[in-house]
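These are the residues of each chain, in order.
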Amino acid sequence: MMNLLTQPVGLSHYLAVSAVLFVCGFLCMATKRNILGVLMGIELVLNGANLNFVAFGSRLLRGGTSDGLGLDGQAIALFVIILAAAEAAGALAIALNFYHTHATVDVDRAEELKG
Amino acid sequence: MPDIRTLLILIPALPLAASLTTALLGPRLLRTRSHLPAVAAIALSFLASVLLVFQVQRAIDQPAAPAAEHRAGQGRAAQPIGFERVYTLWSWAQVDQAMPWPDQNAADTYQPASWGNFRIDIALRVDPLTAAMLVIVTCISTLVAVYSIGYMHDDPGYWRFFSYISLFVFSMTMLVASSNFVLLYVFWELVGLCSYLLIGFWFEKPAAAAAGKKAFLVNRIGDFGFALGVFLLWTTYGTLDFHDTWIHFHHTWIQTSIGVLGQTRLAHPEMFASGGLATAIALLLMLGACGKSAQFPLHVWLPDAMEGPTPVSALIHAATMVTAGVYMVARCMPLFAASQTALVVVGTLGGITALLGAITAITQTDLKRILAYSTISHLGYMFVGLSVGTLAGVVAGMFHLMTHAFFKSLLFLGAGSVMHAMGGVIDTRQFGGLRRRMPITHWTFLIGCLAMAGVFPFAGFWSKDAILLALHQRASLGGGAAVYQGLYLSVMLGVVLLAVYTFRAFFLTFYGPERIPPEAGHHAHESPITMTGPLMLLACGAFGLGAYFEWTHGFEHFLAATPSLAYLGQRAAEPAGEAGAHWGVAVLSTVMVVIGLAIAAVLYLGSREQARRLARLMNVFGLYSLSYGKFFFDEIYQALIIAPLVGLARLCAWFDQWLIDGLVDAGGALPKWLGGGFRPAQNGLVQFYALAMVLGLLVLMGALVF
Amino acid sequence: MNFSDLLHSAMHDLLAPGASLSAFRPELTLCATILVILLAKMALPRWTTSAFWLTLLGIAAALWFAYPWSWASDAIPPAHSIFTGVLVSDSFSVFLRLLLLLFAILFTTFTQVSGVASQDDMTEFYVLMLGALVGMCLMISANHILMVAMGVELASVPCYVLAGTQRQQPRSSEASLKYAVFGAGAAGIMLYGLSLLVGVLGTAHLPTMSTRLAMLIQSGGGLDRGLVLVLGGLMLMVGVGFKLSAFPFHFWAPDVFEGATAEVAAFLSIASKAAALGLLVRLALGFSFHPDPAMLAVLAPVRHYIVVLVGMLAVVTCTFGNLAAYGQNNMKRLLAYSTIAHAGYMMMPVAAAVALVGVDMGEARAAVASLCVYLAIYLFMNLAAFAIVAFLRNELGSEDLREYAGMVRRSPGLTVCMAVVMFSLLGLPPLSGFVAKWFIFLSLISAKLWIVLAIGALNTLLSLFYYLRVVKVMTLSAEPLHRPAPTIPLVSMAGSYCMVLTVPVVLLFFFAGGLLNWARAAASTLLY
């Protein structure tokens, strides 16, 4: 197992950061009671994925080999950003509507439907 | 004059149409006119049957048609015997090669290629046996239908009654006209159904409903045997048609199958099964006949069947349906003749039944039940006649069938007339001395009694005499002669009993001090013309029919042209009819009748004290109770068969209710319970869902990696 | 290669006959319809039902373009990738797109008959539906990870909003919130998994990914990469499983179905599911198949992994759905669990197809064909069930099963329709549901997936009780005393709509051969 701290910054470091982002995002998503917090968590998860896409797409980080993802990685990352924005827009509208009907933005209050 | 084919189709078709019309229009439109279609159709059917007989007679007298000769030249039947015509209307079912060719004997047996093709043609046949049956059935039916107009006139189920009666006539005519065992079985069941419906016609009465059920269930036992017999026939002969089938191909006739009772097989008796197989087939068929014709040990349903309306008792349970078994045995006579054992069993069963019925009838008090037991007894005579296995025997049996149909329906209708006048009471202990109030009924009943007792020169005398003569002749030959000797003696003895119970019933009803039960009310007078008319017509038949046919030999000659019976005539040369034996038998039986008549007159005509004393005397040995209790057959069956079966059924019900149902219920409850276990997981909290999702992911990861 | 060559080849790729744009015409038509609807709303505010008619017209036009007119005369064209390989156009995508568009027509009619899209919301409702439809079309023809992500998101986001169309109702908004949160989370996880897969394999093009995968396995790979791939595959499965509502990613389904209207539930349960299955087939076959026989043999462990994963999920999903449906009284919730169970059934032939790849390609195609048959029949069955629920809601104001008591006396025709649908969902002959299950079980037999087969058959038995309970309540239970049972005659808009859906449920049993031919054609260009 190589020690990340002693190595020059490479692909592994990016992956480690993205993994941290993913876990943070997921924990945020799973524990925050405020809908906005939950949505932020989701953004973190998506950003973790984006970081992966970009890092894998970088020829520099791959050491110049040509079998990498190339521009596809960047392109996917761009699309994911757009998708995240669209999703956030939809989710925020829904959250607003939820606030109108429930007078709260607490996800735990959405528990009428169960069984 | 319509041709044979048209007549043959019209005879069943008219009653069927009447039945449907009455069923559809009866409740709303026809109501009290419901008898019109039925009576008209059945009468026309009778007319057609009479015409058919003339046609058949003419065809017998003429030489065989050229086509038939031509056909015969191709097959194995050199010269067709007797007269038969088969008309195939359409094919009901066909399965080619339903049964593989049996390996053994394949080489040395001539078999057409269609062996094992399962094929049910709607094929109607006419031969003298069928024609005679058709006339008997439709004649009695017509008279009974007319009689019913008066008898049933204010019944709420008027239309229903006539619909059933027409359906019965359709089924019965089809039964005797069908030329295939499957069709025979179908209509056999259909007449059983009509019988069930009509016994339980007054289904509000518990006794009637129970009697209908009993008749149906007892008949099922016989029908089961019959069905097995048909299966066995199929596996043995590879076809279920009575007749040979031919196809016309390139100007020649090619035989495609050898019917069970077809000309080819009749010409080559070695093609009939023999030995144990023949015995098995014949006995299984006989089991069916026992059920339908109320023979020991399946006779118990017939007395109970008297719960139905009296015309039904006369038509179905005396004159026609119950003789279906006799007809079937006569029709399949070559199959029975192939096994001497089977014939002996048939004779023994018939003899036992004849005595059993006669002894029971002596002590019964219900007029219709007396007649029912006498029917059972007479059916026994018919089987005894058939069991002789010779042409004379079969003709005698069928002859008795015909005369019995007339005098027994006459007696039943007379009893119905009495019952009608007595307000539904039929117990002879409650009325008596009716001869002045009901003169026509009295006189016609007397003729019926004389005919039934076999007094010279009434119809019953000749037919009974024919049976006795056939037995006598058979007893003089070898091969089970002792059995036939015994049968002859028992029938002779039965004649005494017959005279006793017949006139006992007659004297109890019409003689002695006049007694009218209170139920009679204003009804206690002679019945209307629609009822007495048929009585008088039947009385004419009961009086003259036997003598007419005996002197002209018309019935015998006519019936002898039936192929399957003509074969019997060819097979064994009849012993020369000894005139001396004939007279001896006749005189002996007349003496027996006179003895019986005298006993009945002494016991019942004057004071009936002696009768009671005799009954007490006989009861010292338990004989009276035995007879009065109908030999306790019902009780024995109840204890031996019904009670254990009910116990088993209860056990099964318990098993089903607690064990099977319990298991099924548990099977249904388990998933519900499991499903209920999952419900708390669906707690409505979306974040819990997310956690569960990742948890599931990790579990999957673990499952896949390790 | 200079810029003009690039431009030229791009133009050729787009415009040549039979190339990208012509194969993409149905989707383009749908997109254009969205624009026209929005414009019509602005330009013709008086025409209140413009959205409905334009939607119908647009879908009909798309259907016209999507219909494979050439199949009847010519051989079915082989699969070809379009738009430089991000999408693939083959008979499978043509068939599923046809099915989706047919459903869209029926669904649009349904919303109008039941009146769920009020005049204020109509435009948004249909625009969202059409948007989701475009996403689904992308899902079923995805050939590139970008399109997988795009398709799933494009199909999901409008559905979140659709679930909340009844804005004033707390239950509706709760449903849409749960759907959005759960869906976004699942999409996030899937994207992260995709990033891992793409990164390790170094490409986002599905066929190339299978090549790289084979090479990786051939070269010995390395445990860490293998683990990352397994994890990535599982995370991808989260996204697909979410769309499929497969256990344990199904949690949203019952709540959303109950909170949303029956119409939206029908849309989610049929269109969304069909698209997700199409995507699952694309991904599962994409990773497990390679045209080169040597490479194909190397991919055996991947196939094993997919068979175990999909088969296990199918079995568990199916059993869970059937068990959880017991004791449900809300019809939409009951049908939600039934839908989950059916998703399980429909995943089974995918497992079978993957198991058969490399063994018998013909049988593998037959397994995919059995899925196509199931989807087509399921479309009619489930839509009819939800339609009846919706119509009864309009009459009763309730979706509680117990309120349906004694309906047979007042609405015998509708009750018969419901009984037919329930028996068909159960899979009894002579109804088409039997044919559907029959072909699926046949594919399992040919794949020798005995455990899956046994559990699938057992599940059919399990489902008996709750489907029959619906019929029992409608026919045997006594009518409530305080009000008459709902009356919906067959000769009304609602009644005849139910008839239109129920009759195929019966007829497809007797004419299953024609459907099977279509399904075989649909699967015939896969795996080459």
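Residues numbered from 1 in each chain as written. Chains lettered and ligands numbered in written order. Predicted model: local features only at pLDDT ≥ 70, side-chain atom pairs only at ≥ 80, totals over all residues.

**Student:** Describe the confidence of the model for chain C, with residues and values.
**Tutor:** Chain-level statistics for chain C give a pLDDT mean of 90 and a share of 99% at 70 or above. For this predicted complex, the interface confidence comes out at an ipTM of 0.95, alongside a pTM of 0.66. (pLDDT = per-residue confidence, 0-100.)

**Student:** An account of helix H12 (residues 252-259) of chain C is needed here, citing residue identities and associated values.
**Tutor:** Burial runs high along H12 of chain C: eight of the eight residues are buried. Buried residues of H12 of chain C: Trp252, Ala253, Pro254, Asp255, Val256, Phe257, Glu258 and Gly259 of chain C, and no others. If you follow the buried residues of H12 of chain C, they end up packed against helix H27 (686-705) of chain B together with helix H8 (145-163), helix H9 (170-201), helix H13 (262-288) and helix H16 (331-356) of chain C. (Buried ≥ 20, exposed ≤ 12 C-beta atoms within 10 Å, placed from the backbone. Helix = DSSP H or I, 4+ residues; strand = E, 2+ residues; numbered from the N terminus. Contact = placed C-beta atoms within 7 Å.)

**Student:** Explain the interface of chain A and chain C residue by residue, including any values.
**Tutor:** Listed per partner, the contact involves 36 residues of chain A and 36 residues of chain C. Sorting the residues of the side of chain A that touches chain C by element identifies helix H1 (11-31), helix H2 (35-57) and helix H3 (71-102) of chain A as the ones contributing at least two each. Ranked by the residues each element gives to the side of chain A that touches chain C, the list is headed by H3 of chain A, at 16 residues. The class makeup of the residues in the side of chain A that touches chain C is 23 nonpolar, eight polar and five charged. (Nonpolar A, V, L, I, M, F, W, Y, C, P; charged D, E, K, R; others polar.)

**Student:** Give a description of the nonpolar core that names residues and reports values.
**Tutor:** One recurring pattern in soluble globular proteins is that nonpolar side chains are buried together. Counting 269 residues, the largest nonpolar core has Leu100, Ala351 and Ala384 of chain C as its most contacted members. Counting residues per element, this core draws most heavily on helix H17 (residues 361-396) of chain C, at 26 residues. Residues in contact with alanine 351 of chain C, not counting those within four places in the same chain, are Val307, Val310, Gly311, Ala314, Leu449 and Val452 of chain C. Judged by nonpolar contacts, the second largest core, of 220 residues, contains Leu8, Leu143, Leu198 and Met286 of chain B. (Core = buried A, V, L, I, M, F, W, Y, C linked by C-beta atoms within 7 Å.)

**Student:** Describe helix H11 (residues 223-244) of chain C, listing the residues and the values that go with them.
**Tutor:** Between its first and last C-alpha atoms H11 of chain C spans 30 Å; for 22 residues at 1.5 Å apiece the expected length is 32 Å, and the two agree. Residue serine 245 of chain C follows H11 of chain C closely and has a positive phi angle near 55 degrees. (Expected span 1.5 Å × (residues − 1).)

**Student:** Describe unusual backbone geometry, listing the residues and the values that go with them.
**Tutor:** In this model, phenylalanine 456 of chain B is joined to proline 457 of chain B through a cis peptide bond whose omega is 0 degrees. For the peptide bond that leads from proline 429 of chain C to proline 430 of chain C, omega is 5 degrees, which places it in the cis range. Position of proline 430 of chain C relative to the elements: it lies in the loop between helix H19 (412-426) and helix H20 (432-447). With a phi angle near 60 degrees, alanine 103 of chain A is a residue other than glycine that sits in the positive phi range. Tracing the backbone shows alanine 103 of chain A in the segment after H3. Non-glycine residue alanine 294 of chain B carries a positive phi angle of around 55 degrees. With respect to the helices and strands, alanine 294 of chain B occurs in the loop between helix H9 (275-292) and helix H10 (301-304).

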